[in-house]
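Chain residues, written in single-letter form:
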Amino acid sequence: MVRIKTVLDILAGLISLIGVAPLFVYLDRLPQIAFAVALVAAIFQERKGLRPLRGMLPTVVSIVLFLFYAVRISRENILDPAINILVILLAIRLLGERIPRNYLQVFALALFALSASSLYNLSPVFLLYLLALLLCIAASLVLLTFFTVDSRLALSRKGMKRLVTVAVAMPAAALPLILLFFVIMPRPQFPLWDFLAPAAEKQTGLSEKIEPGSSSLVREVKTAVLRAQSRKLPRQDLYWRGTVLNTPERNAWIRTKLDEGDYVRSDGAGLVEQTIFPELNAGKYLIILDSPVKISGIRSSQSSDLVFTRRSHTGRVRYDTVSSLNGTIRVSGGINRAFYLKLPDRISARVQALGEKIAARGKNDRERLDALEAYFSSARYRYTSRDLPRSGDPIDEFLFVGKAGHCEFFASSFLILLRTAGVPARLVGGYYGGEYNEMAGYYLVTEDMAHVWVEVYLEGVGWVRRDPSALAVDFAGAGEAGADDIIARMRKVSDSLSYYWNIAVITYDLDKQLRIFNSANNAMRNLSLPVGKWWLLTLMFALAALVAVFPVAAGRWGQSPEQRLLRSFYRKIAKKFPAVTRSAATGLMELAERIDQPAVQEFAEIFCGSVYRDRRPSAREMARLRELLKSIDNLS
Amino acid sequence: MSLAKRDEMLHVIDILTSRYLRGKVRAVKLSMIALLTGGHILLEDIPGLGKTTLALALSGVLGMSFGRLQCTSDLLPSDITGLSIFNREQGTFTFLRGPIFNNLLLVDEINRAMPKTQSAMLEAMEERRVTVEGVTYPLPAPFLVIATQNPVEQVGTYPLPESQMDRFLIRAGIGYPPDEIEKAIIKGGSIRDEIQNLTPLVQIEDILEARAAVKEKIYLSDKIVDYIFTIVAATRNHPFILSGISTRGGINMAEAAKAHAYLEGRDFVIPEDVKAVAVPVGAHRLIVTPENEALDKEDLFQAVLKNIDIPIV
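Residues numbered from 1 in each chain as written. Chains lettered and ligands numbered in written order. Predicted model: local features only at pLDDT ≥ 70, side-chain atom pairs only at ≥ 80, totals over all residues. Heavy atoms only, no water.

A. Quick look at the overall build of chain B. Counting secondary structure elements, chain B contains 13 helices and 11 strands. For chain B, the share of sequence-separated contacts (at least 6 apart) that also reach a separation of at least 24 residues comes to 78%. Accessible surface computed for chain B: about 14400 Å², of which carbon and sulfur atoms make up 52%. (Helix = DSSP H or I, 4+ residues; strand = E, 2+ residues; numbered from the N terminus. Contact = heavy atoms within 4.5 Å. Areas by Shrake-Rupley, 256 points an atom, 1.4 Å probe, with all protein chains shown as cover.)

B. Inspection of the sheet that holds strand E5 (residues 104-108) of chain B at higher detail. Residue and element names in this part refer to chain B. Spatially, E2-E5-E8-E1-E9 is the arrangement adopted by the 5 strands of the open sheet, whose pairing is parallel. In the strand order of this sheet, the two ends are held by strand E2 (66-70) and strand E9 (170-172), each with one partner. Neighbouring strand axes in the sheet, compared pairwise and without regard to direction, differ in orientation by 15° on average. Looking at chain direction, strand E1 (residues 41-44) and E9 are connected through 3 bridges and run parallel. Each residue of the ladder has a partner; that of Leu43, found in E9, is Ala172. Lying on the sheet, helix H3 (residues 51-62) is in contact with E1, E2, E5 and strand E8 (144-149); it crosses E5 at an angle near 170°. (Pairing = 2+ DSSP bridges. Axes fitted to C-alpha atoms, helices over the stretch in contact; angles between N-to-C directions.)

C. Molecular detail of the nonpolar core. Counting 104 residues, the largest nonpolar core has Phe569 of chain A together with Tyr262 of chain B as its most contacted members. Apart from the residues within four sequence positions on either side, Phe569 of chain A is in contact with Leu588, Leu591, Val600, Phe603, Leu629 and Ile632 of chain A. Of all hydrophobic cores here, the second largest spans 46 residues; its members include Ile210, Tyr375, Tyr383 and Ala411 of chain A. (Core = buried A, V, L, I, M, F, W, Y, C linked by side-chain atoms within 4.5 Å. Buried < 20%, exposed > 50% of the residue type's maximum accessible area, 1.4 Å probe, protein only.)

D. A look at the side chain of Ser230 of chain A. Inspection of the secondary structure puts Ser230 of chain A in the loop between strand E3 (224-229) and strand E4 (239-245). For Ser230 of chain A, the contacting residues outside a window of four places in its chain are Val272, Glu273, Gln274, Tyr436, Gly441, Tyr442 and Tyr443 of chain A.

E. Just the interface of chain B and chain A, in detail. Taken residue by residue, the interface counts 22 residues in chain B and 17 residues in chain A. The contact between chain B and chain A buries some 1600 Å² in all, and 57% of this surface belongs to carbon and sulfur atoms. Across the salt bridge formed by Asp267 of chain B and Arg613 of chain A, the nearest N and O atoms sit 2.7 Å from each other. Counting across the chain B and chain A interface gives 13 residue pairs in polar contact (both at pLDDT 80 or more). (Buried area = accessible area lost by both parts, 1.4 Å probe. Salt bridge = Lys/Arg side-chain N within 4 Å of Asp/Glu carboxyl O. Polar contact = N/O pair within 3.5 Å; in protein donor to acceptor, adjacent residues only side chain to side chain.)

F. Local environment of the pattern of salt bridges. In total, this model carries 34 salt bridges over all chains according to the counting rule given. The partner of Arg285 of chain B in a salt bridge is Asp166 of chain B, and the shortest N-O contact between them spans 2.8 Å. Within this pair, whereas Arg285 of chain B is found in the loop between helix H12 (271-282) and strand E11 (287-288), its partner Asp166 of chain B is found in the loop between helix H6 (162-165) and E9, the two being separated by 119 residues in sequence. For Arg285 of chain B, a relative accessible area of 5% gives the class buried. Each of Arg241, Asp290, Arg426, Glu455 and Arg465 of chain A takes part in salt bridges that share partners, so that together they form one network.

Structure (structure tokens):
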């Protein structure tokens, strides 16, 4: 024998665990400990039959802790105190008396906790947690109905097994329906609760400010920045444009907005269409493969130097882009040359001299650019992320002393030399490279791929992309994906899952729904088959319809008229004479005798007269039977 | 729709139960069913409840010849069948018919007879003829045996083996009459004398005609056959039952159901007919497992019956 309460207790523990587990890392220390202790204590309580907490104490503790966290709620910080309160209440409930109300509260709190976790983290695992919780709660609710009637009720092992099976079958049966609703239900374009979640503090590789020499070490974090659904591209084209930095500010480069000539939309060959799924922490700039042609599917503002800023919320989004691969942005109407020639206040004499030397080597901007590139190649700079120059003039040190640095050094020194030589140029911040996932067909760009390069303005051509880092002697390996070992492959698989989750669930929206319906509609309309095949299709549809309808038909429509008559007779009898019991072993005449009404008697006689003579009722008999059925309605 | 001689048969039952055998409607009806199907009936009850009265009244009203056997342990087969006696004058053996050569035979306390006598009796019942010294004598038709036995008394009895029980179409108790009726019976005293002077209400020809009607005019649907088979099969598969109802039991059940339908005035059998006769026809044929011998066979069979769905469509 298994006691209902035991099973219910186990389920309650499981439910609270499932509810809190995904939220656990976001909790304060106090609720973390309180929950763990409460869970263990609840198990002990049950095992040893200890008295549960009751009376005023838990209530008082709840109120005090509630107030403690409630005062910390502010407009910026709603979620953290709220989840802490939630989990503490859950912990107290776990220790409380085992009455149906408390069980229900545990279930509800666990459900809240799980949904709160989705505000922090939208990962596919959430779905698993949700399904597990759903199953457990459904089973518990069924058990609870038994528990409410008699709290000491015990069932045989077999009976319990059957009960739980039935209870679990219900949500399992609802699962296809949930999936169906997922496809057809309308939903907002962004997570409703998103405004509650604090803007993700980011340690992104893409910064607002490029300041070489500010630190000696660059931390390489392999967190995803974006995933771009795309065909596979040559590696040298994988420049993901983020922002443009055009103004010197002491040792750093920052971004200043300015109005200048419109860029000219590229067209023709070399266009790549991509769908980009940025991660939550991707910041306000919309990353797009260089050079951008078009961006759609998101509210954004575009500046004249082709930097796209998102205008709305910070939730999980997706957008479609078109890029041209020629690395050039054509400009109509020219640029503000003076602006793009501004230099930092302090430039060392050596740098100044080098710049002037470069300027002297060429007659125009293009020749000077070539000269500088030639110089960079010949100087044999090394690409490194360690032991970076940190002196007062890192550019000078990089160019003439250390001759080693990362992209920021390369790009800023290249830029300074260009500007010294009188060639208008600017820095572009973004990412370079990407791991192509063949399975799902997308590029994964991670934070450690952050990169800075230079755009040079050439009269008559436009802004031309130049990556000075590529001139380093050992650049070939930089930004390259790691070896394709098992772990890397597994990471790819798990990343594909994440990707599909984003596509199918997170960024699934009304737009996509409409597209599905439209494409289904179009597919139907444009369906053209060879003439001879039409009958085949019709046949298949008919078959499918038959299969779908069959169980219903077998249950109802397959019945003969007299069977339907009999069913309605039984229904009416059950309604009119609730005191008369009937089982499958009760004969019709027997029933009529029990009811003792002439109309019922006659109905039974006529009916039996046909059934047990192995013949169908005649038309007259059917008419009479129907008449009698009606008259049964009027019986009192 | 009219069934031959049904009114007469119902009239007999009416007269008997309203005047002479008050409170014994069920027993009378079952006897009538046995008569109409050509089977025999075993009345199992304590003495003094009117078993003999029932038999006497039936024979009187039905206009049938009546014979009676009081079984004792020294009763010989020849006491039943009769025997040949040498006729001095003619110098030949003449056969003197025993009490079995009657339309209605009352075998009182059948379990007191020796097994040898019992089996001779039962064989005659089944075969409807008697062979004595090489000559076969047919028994009169209709031929109805009403056997009685006292289930309580055990000393000096030879209980009928199950195989013999199977030969009775029906086993039934009479039971005590309802209180009011019993009081009236006590007040009125014994009615044996009145029964002696009963005038026959029907003739033997009528009974034979009614039998033919039951046999030929009552329609037995395949659904009912299925139903009976389901019942029979259920008794065979029941965990408490060692040996269920035999095929002969199934045949008898269908015949009895037909007779019941006839008495109800229907020319077709409905499941209720089967249910009405199932227990008296079936219960005594069951052999229960040793550990369940204390169970009442009728209750057990009733329980089996309750779980069988009637065929309705």
